[in-house]
Amino acid sequence: TPREGLAVFDGDELVAANRHALELLGLDWNALGRRRYDELFRGAAPASGRVGRLRDAAGAPLHVRRDGTPRHAPARAEKPAPPRGGALRTLGAAVVDDALEQQLRRAARLLDADVPLLLEGETGTGKEVFARELHRRSARAGAAFVAVNCAALPEGLIEAELFGYAGGAFTGARREGARGLLREADGGVLFLDEIGDMPLVLQSRLLRVLQEREVAPLGGGRAQRVDFAVVAASHRDLERAVAEKTFRADLYFRIAQSTVRLRPLREYERLDRLIRALWTTLGGDAAQVALADEAVARLAAHAWPGNFRQLVGTLKSLLALAEPGDTVDARALPERVRAAAAPRPLAGGAADPAPPDDVRALGEIERDAVRRALAASDGNVSAAARRLGISRSTLYRRFR
C-alpha cells in the first residue's frame, strides 16, 4: 500500500528506502549507506517470504515481511576431506600438512564442545587463518566470526568497541549507541587476537563476560545475554606473563582450557614442498612463471622470522616482478635470502652436513641483526624495519 515502508539492505547495511520507511524509523535520507540492521531493529528478521514482528530501536512494534535471501549469510560449509598420503593443501596464507590437519580436527571438536581455545605461535604462523578454518568447520559456521585485535584497538576506545555503549555515553558517542563486538559475535565465534596485549583493567571485565555470558554496555542499559565460542591467540608466552603479573591468572585459565601451538616455518621438515605449494596457489605455476630448484633451496634455507606472512610476501613480490614464461632463479631473490646459510638439500638430495661448532642461537642472531639495522639507520625505527623486511610494529615487539 502507499503507507507501506520499504527498506533494502545489502548485507547488514541499509542502502535504500522509501519515504514512509524513513518516517517509521525516524531517519532521513542521510541514513542510507550509514546505518546497519542491528542499529534499527531488535531481533532477527523473519525467514524469507514470511511475516513476523520486530521492534524498532525505541521498542515500538512493527509488522514486517522479508523478501529475498541474504547474501551475507553463508551456508553451512562441508567439512573438507583431510589430506591423503602426506599431501599438502593451502589454507589462506598457510599450508596444511598432516600434523596441522590433526590439530584442526581436534580443535574443531573442542570448539563444538564449547571449550575455549588458546592458539600460541610466533608472528606470522597463521593463527587467524587457523581460527577462521575452525569456525568454518564448526557447528557455528553459519553465524558470525568476529575478530578482535586486542593490540590494535586504541586503549581509550577498546572498552567501548568490545562492550558497546548507550547513546550519549561519552563525548563523540553516536546518538543511537553501538552494540559492541562481543554482541556482534552472538551465536558465532569470538576471536581474541593478541590477547596478551589487552590492558589489565579490561582483562577483569572480559573475564566477567566470559563467566556470566552477559554484556552490559557503557553508560548504562540492560545487560544482554550472549552466546559465542571463544578462540584466543597470542605470540607471547602467557604463562610467563601470568608469573610476571602482567596477565591475569584467572583469565588465562579461562581462555586456555585447551592450547594449540602453531609451528614456525623453521620446524617444517619439507619446507621446499611447502614453498612450491604456496607458489602454485599464488599463480606461479610452470606454465606462467617457474621457480628454479636453486631458488627454492635458498628460500627453504632462510630462517623466516616472519614465518608464513613473510614468506608469502616474498613469493608475491617475486611473482609480481617476473614476466610470463620466466624462471625465477636465485639471482632474483632478496639479498637477505641470497645471503642465507647453505641451502637445505631438496627431496632426494644428500643429508644435511654437520653444523659448524660456531652456530649461534636464533635469538642471538636476531638481536644482532636488529642492533646492526638500527645502527645503520641512525636509530630510525621505520628505516630499520624496512632493512629487516618486517613491519615497524613487529620490530617494536622484538624490542619487548
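Since this is a predicted model, take the numbers as computed values, not measurements.

Draft legend 1. Molecular detail of the nonpolar core. If you look at the biggest cluster of nonpolar residues, it comprises 31 residues, and the most contacted ones within it are Leu182, Leu190, Leu192, Ile195, Phe228, Phe247 and Ile255. Elements that contribute at least two residues to this core include exactly strand E9 (145-149), helix H5 (158-163), strand E10 (189-193), helix H7 (200-212), strand E13 (229-234), helix H8 (238-243) and helix H9 (249-255). Of all the elements, H7 adds the most residues to this core, at 5 residues. The contacts of phenylalanine 247, once residues within four sequence positions are left out, are Ile195, Gly196, Leu200, Gln203, Leu238, Ala241, Val242, Tyr252 and Ile255. Judged by nonpolar contacts, the second largest core, of 26 residues, contains Leu271, Val289, Val312 and Leu333.

Draft legend 2. Main features of the packing of helix H10 (residues 271-281) against helix H11 (residues 293-301). Close contact between H10 and H11 brings their axes to 9 Å; oriented N to C, the two are set at 115°. As judged from the angle between their axes, H10 and H11 are roughly perpendicular. Seen along the crossing, H10 lies across H11 with a hand that is right-handed. Contact with H10, carried on its side by Leu271, Asp272, Ile275 and Arg276, involves Asp293, Val296, Leu299 and Ala300 of H11 and no other residues of that element. Looking at the contact of H10 with H11 residue by residue, the classes come out as 5 nonpolar, no polar and 3 charged.

Draft legend 3. Quick peek at the side chain of lysine 127. With respect to the helices and strands, the residue lysine 127 is situated in helix H4 (residues 127-137). For the buried lysine 127, no salt bridge exists, and the shortest N-O distance to an oppositely charged side chain is 4.5 Å, to glutamate 194.

Draft legend 4. Here's a closer look at unusual backbone geometry. Even without glycine at this site, aspartate 114 takes up a positive phi of about 65°. Tracing the chain through its elements places aspartate 114 in the loop between helix H3 (98-112) and strand E8 (117-120). With a phi close to 55°, arginine 213 is a non-glycine residue in the positive phi region. With respect to the element layout, arginine 213 can be found in the loop between H7 and strand E11 (214-215).

Draft legend 5. Structural detail: H11. Taken together, the buried positions of H11 are occupied by Ala295, Val296, Ala297, Leu299, Ala300 and Ala301. Those residues of H11 that are buried lie in contact with H10, strand E15 (290-291), helix H12 (307-321), strand E16 (327-328) and helix H13 (335-338).

Draft legend 6. Layout of the pattern of salt bridges. As enumerated under the stated definition, the model contains 19 salt bridges in all. Its salt-bridge partner being glutamate 39, residue arginine 35 comes within 3.4 Å of it at the nearest N-O pair. Its relative accessible area of 14% is what places arginine 35 among the buried residues. Where glutamate 133 meets arginine 136, a salt bridge forms, and the shortest distance between an N and an O atom there is 3.1 Å. Within this pair, glutamate 133 and its partner arginine 136 are both found in helix H4, separated by 3 residues, close to a single helical turn. Its relative accessible area of 31% is what places arginine 136 among the partly exposed residues.

Draft legend 7. Local environment of the sheet that holds E9. Strand order in the open sheet formed by 5 strands is E9-E10-E13-E8-E14, and the pairing between neighbours is parallel. Because the sheet does not close on itself, it has two edges, and the strands there are E9 and strand E14 (258-261). On average, each strand axis in the sheet is tilted by 20° relative to the strand beside it, whichever way the strands run. In the sheet, E8 pairs with E13 via 4 bridges, with the strands oriented parallel. Residue pairing in the sheet places leucine 117 in a bridge with valine 231 of E13.

Draft legend 8. Representation of the packing of H3 against H4 in the model. Direction vectors running N to C along H3 and H4 enclose 55°, while the axes themselves pass 9 Å from each other. Taken together, H3 and H4 sit at an angle that is classed as oblique. For the crossing formed where H3 meets H4, the hand is right-handed. Residues Leu100, Glu101, Gln103, Leu104, Arg105, Ala107, Ala108 and Leu111 of H3 lie in contact with H4, whose contacting residues are Phe130, Glu133, Leu134 and Arg137.

Cut-offs used in this document
Residues numbered from 1 in each chain as written. Predicted model: local features only at pLDDT ≥ 70, side-chain atom pairs only at ≥ 80, totals over all residues. Heavy atoms only, no water. Core = buried A, V, L, I, M, F, W, Y, C linked by side-chain atoms within 4.5 Å. Buried < 20%, exposed > 50% of the residue type's maximum accessible area, 1.4 Å probe, protein only. Helix = DSSP H or I, 4+ residues; strand = E, 2+ residues; numbered from the N terminus. Contact = heavy atoms within 4.5 Å. Axes fitted to C-alpha atoms, helices over the stretch in contact; angles between N-to-C directions. Parallel < 35°, antiparallel > 145°, perpendicular 65-115°, else oblique. Left-handed = near helix turned anticlockwise from the far one by under 90°. Nonpolar A, V, L, I, M, F, W, Y, C, P; charged D, E, K, R; others polar. Lys, Arg positive; Asp, Glu negative; His and termini not counted. Salt bridge = Lys/Arg side-chain N within 4 Å of Asp/Glu carboxyl O. Pairing = 2+ DSSP bridges.

These values are about where atoms sit, not about what they do.
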